[in-house]
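Tertiary structure, described
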Amino acid sequence: MLLTITYQGEHTQELGYLLYKHPDKIQTFELSYGKAHVFYPEVSEQKTMAALLLDLNAIELARGKAGSKEGGLFDYVNDRPYVSSSFMSNALTRVFGTAMSGRCDERPELAEKKLHLTACISALYDGGNPSLAEECFAPLGYEVHTERNLLDPMFPEWGESPYINLTISGEVRLSDLLNHLYVLIPAFDRQKHYYVSEDEIDKLLSHSESWLADHPAKEKIIHRYFYQRKSYAHKAIDRLLETEPLSVTESEESEPTEQKKSLNQQRLEAVKQAVLESGASSVIDLGCGECRLTSMLLDEKQIQKVTACDVSVRELEKAMQRLHYDRMPAYRKQKLTLMQASLTYKDHRFSGYDCACVIEVIEHLEPLRIPAFERILFEFAAPRTVILTTPNREYNCNYEFLPAEQLRHEDHRFEWTRNEFQTWTDHICNAFGYTCELQEIGEIDPQYGAPTQMGVFTKCG
Amino acid sequence: MRIEIPELSLIAMIGSTSSGKTSFANRYFKPTEVLSSDFFRAMVSDDENNLDCSQDAFDLLYHAAEIRLTNGKLTVIDATNLQQSARKKVLDLAKKQNVHAAAVVLNLPESILLERNQARENRGYPERVIKKHCQDLKRSIRNLKREGFRFVYVLNSLDDIDHAEIIRTKLWNDRKDMHDPVDVIGDIHGCYDELVMLLEKLGYQEIDGIYQHPAGRKAAFLGDFCDRGDQNVNVLKLVMKMVRSGNALAVPGNHDMKLLKYLRGKQVQLTHGLDKTIAELSQESEDFRAEVAGFLDKLISHYVLDDGKLVIAHAGLREEYIGRGSGKVRDFCLYGETTGEMDEYGLPVRLNWAADYRGRAVVVYGHISQKEVQAVNHTYCIDTGCVFGGKLTAFRWPEKECISVDALKEYYAPVRPLDEKKEAESMGDLLTIGEYQGKLYLHTDLIPGIQIQENHAAAALEIMSRFAADPHWLIYLPPTMSPCRTSELQDYLEHPLEAFEYYHKKGVEYVICEKKHMGSRAVMILCHTLATAENRFGVKDGTRGIIYTRTGRRFFDQPEIEKILLDRLDAVLTRNHFWEEFNTDWICLDAELMPWSEKAQVLLKNQYAPVSAAGSQSLAMAVEALQKTADRIQNSELLERYQKKQQDIANYAKAYREYCWTVHSPDDFRIAPFHLLACEDQVFSEQSHIWHMENIRNYIADGSDLVFMETPYLVVNTQEKDSIQKGVAWWEDLTGTGGEGMVIKPEYFTAKRQSELLQPAVKCRGREYLRMIYGAEYLSPEYLSRLKQRSLNRKRSLALKEFALGIEALHRFVKHAPLYQIHECVFGVLAFESEPVDPRL
């Protein structure tokens, strides 16, 4: 919420000319969600400090503008009024727009000159990433200093705060400093207080053309700047580097590592293969998620009917978009059914398929609900083939990002070892009259096996 | 002419064009009962004479007819029906719906038809059409019976038509008018001694050689009178006498039909104990055997009794077959439904129709012998295998009690051990998705009709499936609670005066103010023994209780903690003789579980603490910068503004920290029960809150276990100023130091004014506490004035509906309702919770 810019050297009062703000006044500007105050805490020959202080209207953030019916963007209990975020960038252009453009009619030579400037930004969100500030600002020639507190001094066990107070100093033109801040502050914070449209790419590039292309962390900065708008980030990078655009789909999982992506691909391939080998022509995909498997199966001539179920209506709507359901050709469409269904409620619609796929789903069920799921699938729906995959917990030690004993996804209720999985498949075979073949998917660790385990159940008789 | 047809049947009008079918149908049937092909032609094409659209019109007509029959409504098909192929559709539908098909034929002389045809203004058919119709009709008439019409009435003249009289007859199985109390008796299989013992135990006395009940109760025999046992003829004699004298009803069993076949001289295998019966019968006279055959022949497959509330059939009955008559229905009544496969004992594998039964009528049946009565979804299987050495059981209606006598011996070795639990037949209470999708209508005692929108049901389905505990435990979900009306006092958003005022206006004299503990809502269910968890709740995972959140999710991820807390609850209840004094072995409590930080870790770390972290560090810098500036320039207004913000954020941090402490051991938890919701046979929703508070103090929060806390409370008289002042002072005291506030409830748990259900509670939160809801700076006048514009209507209406559903769920559980009926109530609460309502209310 507070940005100070300190000019050290000779005749530093001239900062006032550069910023177009009189050092002896307190000036207030209206912003879209509140006000910005500009004042000078320090004015002297050797050192002059200007401060930009935001005064956001918390109630408008939470409830929308007075009189508007749209409602607010943020919760009442929110860090927005206190952090430095896109609101700050917004205020920079509004209050110091001329200085940012590098224009200074009174002191044109000063605007062109590198000065010893220090900027101090309060409460910048970095999510606890200790090197981010260094990575972003050091390559631009700044000396970087950060200060971090505990999240709550009364509860040290809660760990450190995700905010820093950042101080950067260096020999730099004022307009460059302002542009750096303009781009990088929102790259830290990630949340934006306005709807991000494609125009945002122009906005970013106009403030960063001269310096971002050579920045070693440019991709990270742009990705963070656009956060969940991956396609914009890619377009921005392409334009910045003047490369050919790559085609990118919008709804990639957030921050997929190369390895994860290919594991998912391998898993789907293995499942598809197993479906085809079973001879199935009708398949029900239980817990279809984004319908990646479903869409692969629709491509297969052998498969005449695919029903994709998920318990989440939102997920199904996303899947429909992903599959371009509205524009799907009639032949493909008549093979496909999408429906909301639950694995813990008996459902006659599950009956009559050759094969059921339960891909990375069982670990999302409460352990005590699994007996119900077993009966619903293996006793009542009872397809000839059931293909089920689930993580192999033993393999987790290969994931660097995963602390010991932690599961791969926060919604996983459990992950089975190979032994536990086999115990379960044996139980299914005995109780419901199936045989089961186990298969490993993904890179195989000699000691801990593969990341994914698959059981292909076939009904006896 | 008297036209007798069953009150539920499918009637085909048959006749040429111009024969007056439509006017006949409209004259003798309700307009909604008659589905006319002309009408449906018009519906699909705007032209009732448009023959090109006949296919569409008939598709629609038969669709409507099918729905009517499914709903149990007599239906008349008003079309020519002159072709056999057309009539086949009628017959197929009747068969599918298990109703009788009737034909009413208008067979008028050709001359009349031609005359009428000419008189028509714009719809005169060519003469040959009429003639052709007449020929077709002549040819059809004699075949109708053979085609399958059970009732055929041919009206040959205008006079017949004018003087027709439609008489709607009841089906044989319809004994809805019988309201006598009934003792339904399971499969006897020749166990005469036990039958007599059971009748006597039930209070029947033998007078003039016939067993009868002094209070006019009737017996109802579920069939399978003979075979395997040692006194088959005696049983037959007793049953026949009781039935003939009107002291009993009887439905046939599969054994009885086989015996009948034998008696009629057909080839049957003398297996499954039939040989014994036959040996005994051979000692009897020819007349007696004929009498038995006559008796068995007249038995009706099932009975619908007591306004349709009770159904008896030997092997049970699907809902859609109740009150219908067809070969299929009769077969079901006799044999049940099997998959065609055999199990390891060579017995047919049965389909578990009872698991899917959703009817309101209680179905009592036998046929499958098991050690104990099997009750699921309003169905009771009372064949407890007397002949196999089990017992003979009677089901008393309307008491719904079972009374048994043990077998004197094992007369016949069971093929399958009686006490073997067939996996497929247990857990007949798996929930079925169809009941929870789409728009739902629920009925509760407190609010008769509650409607749930489809999208909310879909959201609830997701939450239930992904997060909820075993539905067997979910016999209650707590309702949401509305705050009191927004205060008109200048510096307050909420103030208790508004709550007192609300109840005062609604005529509630006394309210109880309970301290609102800032924790997390927790419902606790505890069974005194593991057996109770299994038998009463149907939970078979080895737990004997649960603590779950307001959305039905297990409170603790670690089962050990839950177990320790439940064991401690059991210890304190046992110590205080709760189980004996309340004559129960389970209890359901509504409580607040603390610390809040235990359940709210994510919220605290991701939202609450970061706001104060960011706020305190930013504001410290801002204030410092402004103070420096003050040396040169007058800026006191701005400085004060930011100092105020700094103070606000400090107060905010103080507010949430109140409710956080780190749990090192179970001793660090605090549980404050505030409602003693239910135990066996009782829901405490009519008791006063003082009763709840006192019982909780006496039996749970007696100070012997520091985990269980009392809830401080104060009774306020809403009509007395002094009392109100005391209430306000108490609230100020509670909230002055950051306490969450209090909950104000009417004296009695369920409060009404005339028929209006009142809010079961409203909350009134403290000034400081509300910073956690509305942000650190909410008390600034510019913010507060906007916050005061809030509407409570939606929240209040939800609170009432959820309250009604929660209480209904408890009542249903206590009354042993089927799981799906309990589940729909808690499902409803979750569905309402998915409605978008300002979460800060």
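Note that the structure is predicted; figures quoted are calculated from it, not measured.

Here we look at the domain arrangement of chain A
For chain A, the domain assignment lists domain 1 (2–194) and domain 2 (258–459). For domain 1 of chain A versus domain 2 of chain A, the separation of C-alpha centres amounts to 49 Å.

Some remarks on the sheet that holds strand β14 (residues 452–459) of chain A
Sheet strands pair by backbone hydrogen bonding; their relative direction is either parallel or antiparallel. Residues and elements named next belong to chain A. Pairing is mixed in the open sheet, where seven strands are placed in the order β10-β9-β8-β11-β12-β14-β13. Lying at the two open borders of the sheet, with one neighbouring strand each, are β10 (336–340) and β13 (434–441). Averaged over all adjacent pairs, the angle separating strand axes in this sheet is 15 degrees, with direction ignored. Note: strand β9 (residues 305–310) against β10, five bridges, orientation parallel. By the bridge assignment, Ala308 is partnered in β10 with Leu338. Of the strands in this sheet, β9 and β10 are in contact with helix α12 (residues 313–322), which crosses β10 at around 155 degrees.

Things to note about the sheet that holds strand β32 (residues 713–717) of chain B
All names here are of chain B. Taken in spatial order, the five strands make up an open sheet running β25-β36-β33-β26-β32, and their pairing is mixed. Two strands bound the open sheet, and with one partner strand each, they are β25 (482–483) and β32. Sheet topology places β25 next to strand β36 (residues 762–765); two bridges connect them, and they run parallel. Residue Ser482 lies in a different strand from β36, and its bridge partner there is Val762.

A closer look at helix α19 (residues 559–575) of chain B
Each full turn of the α-helix corresponds to 3.6 residues, which orients residues three or four apart in the same direction. Taking 1.5 Å as the rise per residue, α19(B) with 17 residues should run 24 Å; its terminal C-alpha atoms sit 24 Å apart, in good agreement. Within two residues after α19(B), His577(B) carries a phi angle of roughly 55 degrees, on the positive side.

Here's the deal with the nonpolar core
Counting residues in each nonpolar core, the largest one holds 330 residues, and the members touching the most others are Cys357(A) and Val184(B). Counting residues per element, this core draws most heavily on helix α22 (residues 601–630) of chain B, at 11 residues. What Val184(B) contacts, discounting residues up to four positions off in sequence, is Ala220(B), Leu222(B), Ile312(B), Val364(B), Ile382(B), Ala394(B), Phe395(B) and Trp397(B). Of all hydrophobic cores here, the second largest spans 40 residues; its members include Leu10(B), Ala57(B), Ala65(B) and Ala102(B).

Some remarks on the domain arrangement of chain B
In terms of domain boundaries, chain B breaks down into domain 1 (2–169), domain 2 (174–406), domain 3 (438–478 + 790–841), domain 4 (487–516 + 711–784), domain 5 (518–595 + 667–705) and domain 6 (601–657). Domain 1 of chain B and domain 4 of chain B are separated by 69 Å when their C-alpha centres are compared.

A word on the packing of helix α6 (residues 174–189) of chain A against helix α8 (residues 218–226) of chain A
A packed helix pair is summarised by two numbers, namely the angle formed by the two axes and the spacing between the axes. Residue and element names in this part refer to chain A. Two elements in contact, α6 and α8, have axes separated by 7 Å at closest approach and are oriented at 70 degrees. Between α6 and α8, the crossing angle belongs to the class labelled roughly perpendicular. Of the two elements, α6 crosses α8, and the hand of that crossing is left-handed. Of the residues in α8, those in contact with Val183, Leu184, Pro186 and Ala187 of α6 are Ile221, Arg224 and Tyr225. Residue classes in the contact of α6 with α8 are distributed as six nonpolar, no polar and one charged.

Some remarks on the packing of helix α17 (residues 496–505) of chain B against helix α25 (residues 721–736) of chain B
All names here are of chain B. Put simply, α17 and α25 touch, their axes get as near as 9 Å, and they point 140 degrees apart. Judged by the inter-axis angle, α17 sits oblique to α25. Our pair here, α17 against α25, has a crossing hand that is right-handed. Across the interface between the two elements, Pro496, Leu497 and Phe500 from α17 touch Ile724, Gly727, Val728 and Trp731 from α25. Of the residues in the contact of α17 with α25, the class split is six nonpolar, one polar and no charged.

Thoughts on the interface of chain A and chain B
Across the contact, 54 residues belong to chain A and 47 residues belong to chain B. Secondary-structure elements contributing two or more residues to the side of chain A that touches chain B are β1 (2–8), β3 (34–43), β4 (47–56), α2 (58–63), β5 (115–125), β7 (160–172) and α14 (370–381) of chain A. Residue contributions to the side of chain A that touches chain B peak at six residues, all from β3(A). Tallied by class, residues from the side of chain A that touches chain B come to 32 nonpolar, 12 polar and 10 charged.

Looking at the environment of Ile387(A)
Residues and elements named next belong to chain A. Mapping Ile387 onto the fold places it in strand β12 (residues 385–391). Using a count of 26 C-beta atoms within 10 Å as the deciding quantity, one classes Ile387 as buried. Sequence spacing of Ile387 and Pro367 is 20 residues, and the spatial spacing of their C-alpha atoms is 19 Å.

Conventions used here
- Residue numbers run consecutively from 1 along every chain, following the written order of its sequence.
- In the order they appear in the text, chains get letters beginning with A and ligands get numbers beginning with 1.
- Given that this is a predicted model, residues contribute local features only at a pLDDT of at least 70 and side-chain atom pairs are listed and counted only at 80 or more, while totals for whole chains, interfaces and linings are drawn from all residues.
- Domain limits in this description derive from either an automatic procedure or a database domain assignment.
- Two strands qualify as a pair provided DSSP detects at least 2 bridges between them.
- Under the scheme used here, helices are H or I runs from DSSP no shorter than 4 residues and strands are E runs no shorter than 2 residues, and both carry numbers assigned from the N terminus.
- Axis definition: a line fitted to C-alpha atoms, over the contacting stretch in the case of helices. Angles run 0 to 180 degrees between N-to-C directions.
- This entry defines residue contacts through backbone-placed C-beta atoms, with two residues in contact when those atoms are within 7 Å.
- Between the first and last residue of a helix there are one fewer steps than residues, each counted as 1.5 Å, and that sum is the expected span.
- Definition of nonpolar core: a set of buried Ala, Val, Leu, Ile, Met, Phe, Trp, Tyr and Cys residues joined via C-beta atoms within 7 Å.
- Partly exposed residues are those whose C-beta has more than 12 but fewer than 20 other C-beta atoms within 10 Å; 20 or more makes a residue buried and 12 or fewer makes it exposed, with C-beta atoms placed from the backbone.
- To sort the angles, those under 35 degrees are grouped as roughly parallel, those over 145 as roughly antiparallel, those from 65 to 115 as roughly perpendicular, and the leftovers as oblique.
- In this scheme the handedness of a crossing depends on how the near helix is turned from the far one: anticlockwise by less than a right angle means left-handed, clockwise means right-handed.
- Each residue is assigned to one of three groups, with Ala, Val, Leu, Ile, Met, Phe, Trp, Tyr, Cys and Pro labelled nonpolar, Asp, Glu, Lys and Arg labelled charged, and all others, Gly among them, labelled polar.

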